[in-house]
Amino acid sequence: MSKAPEEEHPVKAFGWAARDSSGHLSPFNFSRRETGEEDVRFKVLYCGICHTDLHIIKNEWGFSHYPVVPGHEIVGEVTEIGSKVKKVKVGDKVGVGCLVGACHSCENCKNDLESYCPSLIYSYASTYHDGTRTYGGYSDSMVANERYVVRFPDSLPLDAGAPLLCAGITVYSPLKYFGLAEPGKHVGIVGLGGLGHVAVKFAKAFGAKVTVISTSPSKKNEALQHLGADSFLVSKDQDQMEAARGTLDGIIDTVSAVHSILPFLGLLKSHGKLVLVGIPDKPLELPVFPIIMGRKTVAGSSIGGMKETQEMIDFAGQHNITAEIEVIPMDYVNKAMERLAKNDVRYRFVIDIGNSLAASKP
Ligand SMILES: [Zn+2]
Ligand SMILES: [Zn+2]
């Protein structure tokens, strides 16, 4: 376990890693395990950049261990499978999202809810069953137990489909679980970023009526005309917010900055649900009175289990749901991180690993 990342495992790998909390990414040689009997190995072709990647490379949550190879929206083509693998074959298009392992014996795992397993293993910056560190998708290859490998439908483009593996399932799962994924429901989406813009697309595909709630009036045209939302509220506009009072069955709140949830509770009908999926770095204030008076629910949700992730990707394939992306070469990644920190992206960066990683090798 004290071996250098290059010598830990038998298979050579190359990627980009952050070495300290500056978060600066640079070329990195490491290694990956051999293909076990339940493992799927694939050549990485694209990897999305999630806001979590930025938090982890800069150690903003305080638990990062360096070096970190980020990336948990990983797609590519299968190059080798273990003898017991049934799900995919060599040449298939596949993806790996946020998870690569869990205990498989707890109540959550037995119910296909690996994302709530107390022993879950993240795709990077986590410790695998064998005691070695996990490394993510800013790299040439990936190997994972087949349970954590998602089959990509032919109709879904790999680049614009990649972000669904984190952003997509993070919003799909609560829409389903909280009963908002059906015609006749009126759903609010707070924040029109990486998560919010795919939330609009999924909610519309489920047949719900969708209202986007944003601090920025500049996103109105985009929300209504491009993403297909039914209405748009500027959260700072008291008159608009008052007029929409008590109209929503549920809200998916994607904001990861500290913010007040009071105005959103006001938009809910009685028994409405406010579901938080963004992670502010400080606790939010909980206004109890409006929750009690309308028997409202404030809840959270974290990605989704592997069965549901496959269901989400298949649904996206059927309904042509993809993320809006800006494809970048590997050596643009540090600039992309700077822009992401300023929310200067519509709406997700995706690294073209297949065409640009090898050229970045020193
Ligand atoms: Zn993510
Ligand atoms: Zn478990």
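What counts and what doesn't
- Residues numbered from 1 in each chain as written.
- Chains lettered and ligands numbered in written order.
- Predicted model: local features only at pLDDT ≥ 70, side-chain atom pairs only at ≥ 80, totals over all residues.
- Core = buried A, V, L, I, M, F, W, Y, C linked by C-beta atoms within 7 Å.
- Buried ≥ 20, exposed ≤ 12 C-beta atoms within 10 Å, placed from the backbone.
- Helix = DSSP H or I, 4+ residues; strand = E, 2+ residues; numbered from the N terminus.
- Domains from an automatic or database assignment.
- Contact = placed C-beta atoms within 7 Å.
- Nonpolar A, V, L, I, M, F, W, Y, C, P; charged D, E, K, R; others polar.
- Pairing = 2+ DSSP bridges.
- Axes fitted to C-alpha atoms, helices over the stretch in contact; angles between N-to-C directions.
- UniProt positions renumbered as here; feature names shortened; annotations may be inferred.

### What about the nonpolar core?
And then number 1: Judged by nonpolar contacts, the single largest core of 108 residues is most densely connected at Val171, Ile189 and Ile351.
And then number 2: No other element matches strand S3 (residues 39–49), which puts 7 residues into this core.
And then number 3: Both domains that furnish three or more residues to this core are identified here as domain 1 (11–165 + 324–360) and domain 2 (167–300).
And then number 4: When neighbours within four sequence positions are excluded, Ile351 is seen to be in contact with Tyr46, Cys47, Ile49, Tyr138, Ile328, Met330 and Val333.

### Overview of the domain arrangement of the protein
And then number 1: Here the protein is described as being made up of domain 1 (11–165 + 324–360) and domain 2 (167–300).
And then number 2: The straight-line distance from the C-alpha centre of domain 1 to that of domain 2 is 28 Å.
And then number 3: Domain 1 puts 11 residues into the contact, and the matching count from domain 2 is 9 residues.
And then number 4: Partitioned by chemical class, the residues of the side of domain 1 that touches domain 2 number 5 nonpolar, 3 polar and 3 charged.

### A word on the environment of Leu286
And then number 1: Turning to its location among the elements, Leu286 is positioned in the loop between strand S14 (268–276) and helix H9 (288–293).
And then number 2: Residue classification places Leu286 among the exposed residues on the basis of 10 C-beta atoms within 10 Å.
And then number 3: Remark: the alpha-carbon pair of Leu286 and Val298, spanning 12 residues in sequence, is separated by 8.8 Å.

### Quick look at the sheet that holds strand S10 (residues 186–190)
Picture the strands of a sheet paired through backbone hydrogen bonds; they go either parallel or antiparallel.
And then number 1: The sheet built from 6 strands is open, its strands ordered S12-S11-S10-S13-S14-S15 with parallel pairing. One side of each edge strand has no neighbouring strand; the edge strands of this open sheet are strand S12 (231–234) and strand S15 (297–300). Strand-to-strand twist in this sheet, taken as the mean axis angle between neighbours without regard to direction, amounts to 20°.
And then number 2: One ladder, built from 4 bridges, connects S10 with strand S13 (residues 248–253); its direction is parallel.

### Examining the UniProt feature "domain: Enoyl reductase (ER)" (unreviewed entry) in the protein
And then number 1: Summarizing the sequence annotation, UniProt attributes the feature "domain: Enoyl reductase (ER)" (unreviewed entry) to residues 23–351 in the numbering used throughout.
And then number 2: Secondary structure content for residues 23–351 is 26% helix and 26% strand, while the C-alpha to C-alpha distance between its ends is 17 Å.

### A word on the environment of Glu338
And then number 1: Here Glu338 is to be found in helix H11 (residues 333–341).
And then number 2: When the 12 C-beta atoms within 10 Å are taken as the criterion, Glu338 is described as exposed.
And then number 3: Through-space distance from the C-alpha of Glu338 to that of Leu54 is 9.1 Å; in sequence the pair is 284 residues apart.

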